[in-house]
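Residues per chain, in single letters:
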Amino acid sequence: MLENHLEAKYKIYTGTSLDYVALMNNTTYIRQETLKHFPSARFMDFGRVKQYSFAGISGDDWIQKHTEKFQQNLEEYQRSSWNEMLGLLKLDNNNSNESMANDVAFESMKEKLKLFNVQFEEMCCTQSKWFACNETRRKIIVSIENMLLPAYGSFVGRLQDVLGKAAYDYIQYGMLDIIARLNRLFLGSKRMHR
């Protein structure tokens, strides 16, 4: 019954980032409600579902379907929220004249970093106002960290290679700042402070 009600609600979503967060919350809610009614399912890890007594109650297909649905929505959320920002962190390696390449690379990287800073700030301000239950929130933040931190670290490292210590004049966020900002996402009405 609950699943049918939420399935009907799925059809009203239009594919925005917030929609995917809501869908992940719904999937988590179904899991939590199932655990309330079937305590023997407590040993099930929703992210890595295996054969448990719960499988016999609801069926392996049900478990797999909801695990896949959560993962699909997480991937769609990442695409709709973070892909453009990740694109800014891609490094250009097209120039052959090294001196000119460094000048062009510096200007390009400076502009990309400036855009990244603006978009990251806007994204964090917006998504910190959204709410996700703790389990969903944790999974989303870990997935963002796993894709964003390596790309940002590589980009900042390259900028430091090009500019040396002068790179710090352009770097607004250190890695710990990025992590701290991400950890304030999806808290709902609590405001994000710098």
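The protein is annotated in an unreviewed UniProt entry as Exocyst subunit Exo70 family protein of Stylosanthes scabra. Turning to the protein, the UniProt record has this under Function (unreviewed entry): "Component of the exocyst complex." Its UniProt record gives the protein a comment under Sequence similarities (unreviewed entry), which states: "Belongs to the EXO70 family."

Remarks on the confidence of the model for the protein
Considering every residue of the protein, the mean pLDDT works out to 81; 71% of them sit at 70 or more. Helix α7 (residues 175–182) holds the highest mean pLDDT among the elements of the protein, 98, whereas helix α3 (residues 53–58) holds the lowest, 49. Throughout residues 48–57 the model reports pLDDT below 50, and contacts reaching past four residues in sequence, or to other chains, amount to 18 contacts.

A word on the state of the cysteines
Summed over all chains, the structure comprises zero disulfides. Free cysteine Cys 125: the closest other cysteine sulfur is in Cys 124, separated by 7.1 Å. With a relative accessible area of 31%, Cys 125 lands in the partly exposed category.

Side note on the environment of Ala 132
In this structure, Ala 132 sits in the loop between α5 (98–127) and α6 (134–163). For the pair formed by Ala 132 and Val 21, sequence separation is 111 residues and the distance between their alpha carbons is 6.9 Å. In this structure, Ala 132 is in contact with Val 21, Asn 25, Arg 137 and Phe 186, ignoring residues within four places of it in sequence.

Focus on α6
For α6, with 30 residues, the first-to-last C-alpha span of 41 Å sits near the 44 Å given by 1.5 Å per residue. In the structure, α6 departs most strongly from a straight axis at Leu 148, where the bend amounts to approximately 30 degrees and where the proline Pro 150 lies between one and four residues downstream. Immediately downstream of α6, the backbone of Gly 164 shows phi near 70 degrees, a positive value.

Section: unusual backbone geometry
Although it is not a glycine, Phe 186 adopts a positive phi angle of roughly 65 degrees. By the secondary structure assignment, Phe 186 is in the segment after α7. Its relative accessible area of 1% is what places Phe 186 among the buried residues.

Analysis parameters
- Residues numbered from 1 in each chain as written.
- Predicted model: local features only at pLDDT ≥ 70, side-chain atom pairs only at ≥ 80, totals over all residues.
- Heavy atoms only, no water.
- UniProt positions renumbered as here; feature names shortened; annotations may be inferred.
- pLDDT = per-residue confidence, 0-100.
- Helix = DSSP H or I, 4+ residues; strand = E, 2+ residues; numbered from the N terminus.
- Contact = heavy atoms within 4.5 Å.
- Disulfide = S-S within 2.5 Å.
- Buried < 20%, exposed > 50% of the residue type's maximum accessible area, 1.4 Å probe, protein only.
- Expected span 1.5 Å × (residues − 1).
- Bend = angle between axes of the 7 residues up to and from the residue.

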